[in-house]
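# A closer look at the structure
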Amino acid sequence: MKKLLIFALISMFTLGLAACGGSDSNKEADVTIEASNWDFNQDEYHAKAGDITIALKNTTGHHGITIDGTDINIQGEGTDSANLEPGEYIIRCSIACGTGHMEMTAKLIVE
């Protein structure tokens, strides 16, 4: 029981710190990704080419994202931006979140 309480406190502290981060926290997101245990809320996300702001919200568990071929890296909740060319990009969970972590991917389609 004591270990569970300590884990919960550390998790809440980490989430609180992560929520304060993000490079563009005052800008409205072009794409909002919701992460739950081993899944994103959509298989595909769409955005127009150019400056794109991505927001990550954790609904269950603690997750982060990276997007292949970009500098986007969000740990916990927050936002990040990049100037993206048209194409398809793979979104990956970047925080080991359990047995389904390796399959936790989605696609960002930039048009």
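Cut-offs and rules
- Residues numbered from 1 in each chain as written.
- Predicted model: local features only at pLDDT ≥ 70, side-chain atom pairs only at ≥ 80, totals over all residues.
- Heavy atoms only, no water.
- Pairing = 2+ DSSP bridges.
- Helix = DSSP H or I, 4+ residues; strand = E, 2+ residues; numbered from the N terminus.
- Axes fitted to C-alpha atoms, helices over the stretch in contact; angles between N-to-C directions.
- Buried < 20%, exposed > 50% of the residue type's maximum accessible area, 1.4 Å probe, protein only.
- Contact = heavy atoms within 4.5 Å.

Looking at an unreviewed UniProt entry, one finds the chain named EfeO-type cupredoxin-like domain-containing protein, with Lottiidibacillus patelloidae as its source organism.

The subject of this paragraph is the sheet that holds strand β8 (residues 87-93). Here we have five strands laid out as an open sheet, ordered β3-β9-β8-β5-β6, and mixed in their pairing. The open sheet has two free edges, formed respectively by β3 (44-47) and β6 (73-75), since each of these has just one partner strand. Within the sheet, the average angular offset between the axes of one strand and its neighbour, ignoring direction, is 20 degrees. Two elements, strand β5 (residues 64-67) and β8, share three bridges in a ladder whose sense is antiparallel. Bridged to T66 within β8 is R92.

Let's shift gears to the environment of G64. Along the polypeptide, G64 turns up in strand β5. With relative accessibility at 0%, the residue G64 sits in the buried group. For G64, the contacting residues outside a window of four places in its chain are L56, I74, Q75, G76, R92, C93, S94 and I95.

Further remarks concern the pairing of strand β1 (residues 31-36). Of the two faces of β1, only one is covered, namely that formed by V31, I33 and A35; the face formed by T32, E34 and S36 stays uncovered. Two elements, β1 and strand β4 (residues 50-58), share five bridges in a ladder whose sense is parallel. When the sheet's bridge partners are listed, E34 is paired in β4 with K57. In terms of strand pairing, β1 meets strand β2 (residues 39-40) through two bridges, oriented antiparallel. Directly across from S36, in β2, lies its bridge partner D39.

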